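# Structure at a glance
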Amino acid sequence: MHRYQFPKNFVWGTATSSYQIEGGVDAGGRGASIWDTFARIEGKVFNGDDGSVACDHYHRYEEDFDLLGKLNIRAYRFSISWPRIYPEGRGWLNQQGLDFYDRLVDALLQRNIVPSATLYHWDLPQALEDRGGWRNRDTVKAFEEYARIVASRLGDRVKNWFTVNEPWCAWWLGHKTGVHAPGAQEAEKVHRQVSHHLLLAHGAGVLALREETSSPVRVGLVHNCAVGIPFTESDEDIAESREYFRRENAWLLQPVLAGSYPQDQWDALGADAPDIHPGDLRLISQPCDFLGLNLYNAHGFVRAGEGMRPLESWFPRTDFGWPVTPECLYWAIRHVVEIWDVNDVIVTENGCAYPDEITEGLPHVEDYARVQYLREHLKGVHRAISEGLPVSGYYLWSFLDNFEWAEGYSKRFGMVHVDFESLKRTPKLSALWYARLISQGGF
Ligand code: IFM
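What comes next is a walk through the structure. (Residues numbered from 1 in each chain as written. Predicted model: local features only at pLDDT ≥ 70, side-chain atom pairs only at ≥ 80, totals over all residues. Heavy atoms only, no water.)

## Description of the overall build of the chain
Scanning the chain from terminus to terminus reveals 15 helices and 13 strands. Relative to its length of 443 residues, the chain is compact, with a C-alpha radius of gyration of 21 Å against a globular reference of 22 Å. Expressed along its principal axes, the backbone C-alpha trace of the chain runs to roughly 60 × 55 × 45 Å. Classification of the 443 residues of the chain by burial places 60% in the buried group. In the chain, which carries 44 positive and 60 negative side-chain charges, the distance between the mean positions of the two groups comes to 3 Å. (Helix = DSSP H or I, 4+ residues; strand = E, 2+ residues; numbered from the N terminus. Rg over C-alpha atoms; globule rule 2.2 N^0.38 Å. Buried < 20%, exposed > 50% of the residue type's maximum accessible area, 1.4 Å probe, protein only. Lys, Arg positive; Asp, Glu negative; His and termini not counted. Charge placed at Lys NZ, Arg CZ, Asp CG, Glu CD.)

Below you can see the structure in the form of C-alpha cells.
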C-alpha cells in the first residue's frame, strides 16, 4: 500500500466566503451588496434563494470555530464583506463591521487556527455598482481605501492575505455572460475594462497590505485556472497541454506574473483592448508571496496536434456537472510553475458538490464520493511536492454547505452538512477523513 505523506509544515485548511455563509445582511450596519440585489431579480438564482440567512455564520461563528477546532483544521480562509466595512462604498466607515472581523479573527486565534483573509470574494457594495462598479476606475481607488483600513485593523494578527478571489468569475460571469451579479452582458471593450480594473485592484491591494501592516504579511491573488490534462505523458502531449494552459490563463496571469498582457490576445482585441494608464502594469505585477489556485476539474484531455478533445456525455461528473479529473491539480501546479516561474503555489480551493443527505439514525452524512474525490486529487498535490514543485498548502472548499451563487442552496460543497431549515450542522464522513489526514500528515 502506498502512503501519501506530506511535509510537516504543509498548511491544511478549509475555505468559505462572506456572502455564501454569513447571512445577517441587515445586521451590524452592513450595506447592500450586488449579490443582495441580483438575488432579488426573478429567475437569476435557483429557487429564488439568497444569502440573507445562509448559514447564519454571522451569529454562530463561535460554535462554527469550535467545530473547526474539533476537525483539526489548522488554517481557515474567509472573506471580508466589503459592504460591512463601507456600507456606502466610500466615505462612511462602519466600525461595527470592523469590530465583527476583529472578533472573528480573535476567535480563530484562540483556537489556534491561522486566519487567512480574502479582501474581495464578489460582494461589491451596491453603492459602488450604482456608480459604475468595476467598469469605473474609481472603484479601484475605493478598493484601495477599503484594503488599507482592513489591513491596518487586522494586519497585526492576519498574516496571510488574498486580494481578489477568481477575477475571471467577477469579470466573465458578472459582465460577459451575466450569470453572476451584477448580471451584465457588456460589449467587449467594457468587460475587458472590468478585467483590467480587477487586476488593478489586486495590485492596489498588495500595495495597501504591505504599507499598512507593521510586521510582514504574505499576499497573493487567487486564480481559478483552466487546465487540460495531457492525454499521455509524452513530451508532445505535455507541451500541447502547457500551451493550452498558457493561452487560457494568460489574460489574467501574465499581467500579474510577468507585467504584460499577452501580445497575441491584445492585438486580436484591436480597439476593444482596455484603456490602460502608465504605471498600471507595474502596479499589477508587484512581486507577490504566492499564487493561489482554485481548481475543481480539468476541461478535458489534450493530444498533440489535436488540442482539447470534448469529453463524452457519460464521463463521470459531480452534482455540478463538472468532470472528475483528479490529475488536474498536478498539471495546473506544474504548468504555472514552468510557464511563469511561480515560487509558491497554494491550492486555495478544491472540492466537489454531491447531493449529500442526512440518514435517520446515522451520526454523519455518508459522502464516500467526496472522500474518493479528495483522496484522488490530493495524490496530484503529493506528486507535485515529491517532484520538487513548490506547493505549500491546501484549502478544502468548503467548510460548510453554503449559498452556491446562481445555484442557490441546491449544490452542497461542504464537509459539514447544513440543514437550511434548522441550520443544524452535521459533519460528513469527508470531514472525519480530512481531520484524520491532518492529524497524520497524510493518508
Ligand atoms: O463556491 C464557489 C466559490 O465561491 C468560488 N470558487 C468556486 C466555488 C464552487 O463553485
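## Side note on the site of the ligand
Residues in contact with the ligand, as listed here, are Q20, H121, W122, N165, E166, Y296, W322, E349, W397, E404, W405 and F413. One nitrogen or oxygen atom from the side chain of E166 is found 2.7 Å from a nitrogen atom belonging to the ligand. Summarising the interface, the protein chains cover 95% of the accessible area of the ligand, which totals 280 Å² for the free molecule. For the shell around the ligand, the per-class residue count stands at six nonpolar, three polar and three charged. (Near = heavy atom within 4 Å. Polar contact = N/O pair within 3.5 Å; in protein donor to acceptor, adjacent residues only side chain to side chain. Areas by Shrake-Rupley, 256 points an atom, 1.4 Å probe, with all protein chains shown as cover. Nonpolar A, V, L, I, M, F, W, Y, C, P; charged D, E, K, R; others polar.)

## A word on the sheet that holds strand β8 (residues 300-303)
Strand pairing in a sheet takes place through backbone hydrogen bonds and is either antiparallel or parallel in direction. The strand order β6-β8-β9 describes an open sheet built from three strands, whose pairing is mixed. Pairing within the sheet leaves two strands with one partner each, and these edge strands are β6 (228-230) and β9 (307-309). Taken pair by pair, the neighbouring strands of this sheet meet at an average axis angle of 45°, ignoring direction. Pairing of β6 with β8, which is carried by three bridges, proceeds in the parallel orientation. Bridge pairing in β8 places P230 opposite V302. (Pairing = 2+ DSSP bridges. Axes fitted to C-alpha atoms, helices over the stretch in contact; angles between N-to-C directions.)

## So, the environment of P326
Mapped onto the elements of the fold, P326 is located in the loop between β9 and α13 (328-340). In this structure, the C-alpha to C-alpha distance between P326 and N9, residues 317 residues apart in sequence, is 24 Å. Once residues lying within four places of it in the same chain are set aside, the contact partners of P326 are E376 and H377. (Contact = heavy atoms within 4.5 Å.)

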